[in-house]
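# Structural overview for review
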Amino acid sequence: MNMAKIFGRIGDFEEMTIRPGWTTSETTYDKVDLSVRLAPKVRLTYPFIAAAMTSVVGETMALECARNGIMAVVPTQLPIDKAAGIVSGVKRQEVKRGDLEIVNEPEIINFKGTVGDAMATYERAGHSVIPICDRCSELKGLYCHREGIPADAMGVTLAEALENAGDSANPLAGVVKPFSMRSALAGTDYCIDGTAAPEVKERISGSRNRCMPIVDNGGVLRGLAFVYKHDGYAVAGAIHTYNWEERADALVKAGADVIFIDASQGTSDYQLETLRGFKKSYPDVPICAGNVVSGGALKSTSGGPEAVDVYKALTDAGADMIKIGMGSGMICLTTDNRGVGRKILRALHDLSNAREKSGTHVPLIADGGIGTVDPDYDKRAQIKRSMRHDTRSINLSLAFADAVMMGSYFNMFDEAPAPNEPIDGKRYNQSWGEGSFKAQSLARYGLREGVRRAHIEEGIYTLVPSIGRLKPGIERSALGVAMTLSNVGAHDLSEYRQMCMIERS
């Protein structure tokens, strides 16, 4: 049995609870592996994918996702040359695992500031190790971020924290680390400017911070050196099931690691035709089919309705992975306006069953309503004032899926391309669904503007809170997932799916 066990009738995220398993010394949260291999050459450090939405993915988001071991999907609504340009831009800047990265002008904190200032810099810039310097750039120490810093320590100056860093009883011990020129000259913890790259990499490998400041002989900061820990830069592109050939060719030539079919309903002849045509032209490029919500579907034939095995039909046509979800997204109106769709957990459970029965395995990707929670939930609200990130829905989805695709989750980060608006002293990012009137384009339908308005709107336009940079947000969510795997007693996501027991709350 390679899928989660369900006790009782499966419901929505808020109705289901994960039973704890047995945590061993080998399954503590810091030892679990959250990586997922979506294809032979595509391995993500964390099972998170940014949705193919124009309010979510642009140049900055695609690059930042790639840098942090996850993947963004470039949306179909962008012109072909722009979409291909985003993909090629990410691949052009790619760094491979084990490569040495040098940041010549790193983010720094003035040592006269407070721990709270350092925390704010971490939240804004997303760097967990930040040099502490004076106004002449002389290195005084390092701020090494960790969760759980006491609130009463926020007003402590960094100078004071560095002075008392040797006191093991100090709550800031380990959070700040004083600079020592003696250590730099001895080759431990720091590097002198001009040190050979192989030697720098060797020193970083022995550093718990996975990075090393570079200073000159006077202790002035010259840069930060990192050894890249992820498996290269992954980036994907989306195509439609109509007139897809030119876009697909441009994305593949630009270096897209995966092609996603962007269709609200993946159970169609058009989906199979696109899969077969794409695989004929690009047999070695992974393609994701979707979206689907059940393992079986009825098809009209001259002899009457005929049952179709959805999982088998898609994989036989060439699908290397399958995306699941319809109508469940926070800004999707498909189910609200037309009654079509399905609750995401039920859909995931159904497709997992179909995969289990097939005896084959292609990755399943959960898509819709995952990763965010809105305590004052109103799908059509013009401003989502209370929305925040949420790992509960991610953890429940990963009990069946290999990865999760999220839109509103990523829309809240500063890297999202959507315009930003200040309201009552807080920042909000614009957000819209690809089925909204805002996102619809005449090129997509080939109709006059007056005719286009006859289409039913299937997405909303709203504002979501801006919560800061992607890197710290992703790391917090990954920590939440890792802690749940630890609670279940699983080493990795594959074992998690086998061991996870879910029941109705």
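All of these numbers come straight from a predicted model, not from anything done at the bench.

Tallied over the entire structure, the rule returns 22 salt bridges. One salt bridge connects K91 with E94, and the closest N-O pair in it is separated by 3.5 Å. Linked by salt bridges that have partners in common, K91, E94, K96 and D257 make up one network.

Turning to the pairing of strand 6 (residues 71-74), a few remarks are in order. For a regular strand, the rule is simple: side chains alternate between the two faces of the sheet. The two faces of strand 6 match: M71 and V73 on one face and A72 and V74 on the other face are all buried. Each parallel crossover has a hand, and the one from strand 5 (residues 48-50) via helix 1 (residues 59-67) to strand 6 is right-handed. Of the pairings in the sheet, the one linking strand 6 to strand 15 (residues 236-239) comprises two bridges and is parallel in character. Its bridge partner being in strand 15, V74 is matched across the sheet by G237.

The next point concerns helix 11 (residues 344-358). An ideal rise of 1.5 Å per residue puts 21 Å on 15 residues; helix 11 measures up with 21 Å between its terminal C-alpha atoms. I344, L345, A347, L348, L351, S352, A354 and R355 are the residues of helix 11 that are buried. Just downstream of helix 11, G359 is the residue with a positive phi angle, here 80°.

With that settled, the discussion passes to the side chain of N291. Relative to the helices and strands, N291 resides in strand 17 (residues 287-292). Among the residues examined, N291 registers a relative accessible area of 7% and is labelled buried. Polar contacts involving the side chain of N291 include one to the main-chain carbonyl oxygen of G325, which spans 2.9 Å. If we ignore the near neighbours within four places in the chain, the residues touching N291 are A263, S264, Q265, G266, T267, K323, I324, G325 and D367.

Interaxial distance between helix 2 (residues 80-92) and helix 7 (residues 245-254) falls to 8 Å at its minimum, and their mutual angle equals 15°. For the element pair helix 2 / helix 7, the angle class is roughly parallel. In terms of crossing hand, the pair formed by helix 2 and helix 7 is right-handed. The segment helix 2 lies against helix 7, with I80, A83, A84, V87, S88 and K91 engaging E246, R247, A250, L251 and A254.

This paragraph deals with the nonpolar core. Counting 114 residues, the largest nonpolar core has F48, I49, F260 and F410 as the members making the most contacts within it. For this core, the element with the most residues is helix 16 (residues 470-488), which contributes seven residues. When sequence neighbours within four positions are dropped, the list of residues in contact with F410 reads F48, I49, A50, V56, M61, C65, I70, A416, L470 and I474. Counting 18 residues, the second largest nonpolar core, distinct from the first, contains M119, I132, Y143 and L172.

Summed over the entire model, instances satisfying the criterion amount to eight aromatic pairs. Considering the side-chain rings of F278 and Y282, the 5.0 Å spacing of their centres and the 45° angle between planes classify their relative orientation as tilted. Between F410 and F413 the ring centres are 6.1 Å apart and the planes differ by 70°, which places this aromatic pair in the edge-to-face class. For the pair formed by F410 and F413, the shared burial category is buried. Its end group placed over the ring of F7, R19 keeps NZ or CZ at 4.1 Å from the ring centre. The ring of F111 carries K140 above its face, with NZ or CZ at 5.7 Å from the centroid.

Burial along strand 21 (residues 364-367) is two-sided: the residues L364 and A366 and I365 and D367 are all buried. Here strand 20 (residues 321-324) runs beside strand 21; their pairing, made up of three bridges, is parallel. Along strand 21, the bridge assignment pairs I324 with A366.

A few words on the confidence of the model for the protein chain. A residue-level look at the protein chain finds 90% of positions with pLDDT of 70 or above and a mean pLDDT of 87. Between residues 441-454, whose pLDDT stays under 50, and residues either more than four places distant or in other chains, the model counts 15 contacts.

With respect to the element layout, H127 can be found in the loop between helix 3 (115-125) and strand 9 (129-133). Not counting residues within four places of it along the chain, the set of residues in contact with H127 comprises E107 and Y122.

Scoring rules and cut-offs
Residues numbered from 1 in each chain as written. Predicted model: local features only at pLDDT ≥ 70, side-chain atom pairs only at ≥ 80, totals over all residues. Heavy atoms only, no water. Salt bridge = Lys/Arg side-chain N within 4 Å of Asp/Glu carboxyl O. Buried < 20%, exposed > 50% of the residue type's maximum accessible area, 1.4 Å probe, protein only. Helix = DSSP H or I, 4+ residues; strand = E, 2+ residues; numbered from the N terminus. Right-handed = clockwise from strand over helix to strand, strands pointing away. Pairing = 2+ DSSP bridges. Expected span 1.5 Å × (residues − 1). Polar contact = N/O pair within 3.5 Å; in protein donor to acceptor, adjacent residues only side chain to side chain. Contact = heavy atoms within 4.5 Å. Axes fitted to C-alpha atoms, helices over the stretch in contact; angles between N-to-C directions. Parallel < 35°, antiparallel > 145°, perpendicular 65-115°, else oblique. Left-handed = near helix turned anticlockwise from the far one by under 90°. Core = buried A, V, L, I, M, F, W, Y, C linked by side-chain atoms within 4.5 Å. Phe/Tyr/Trp six-rings, centres within 6.5 Å; stacked < 30°, edge-to-face > 60°. Lys NZ or Arg CZ within 6 Å of the ring centre and 35° of its normal. pLDDT = per-residue confidence, 0-100.

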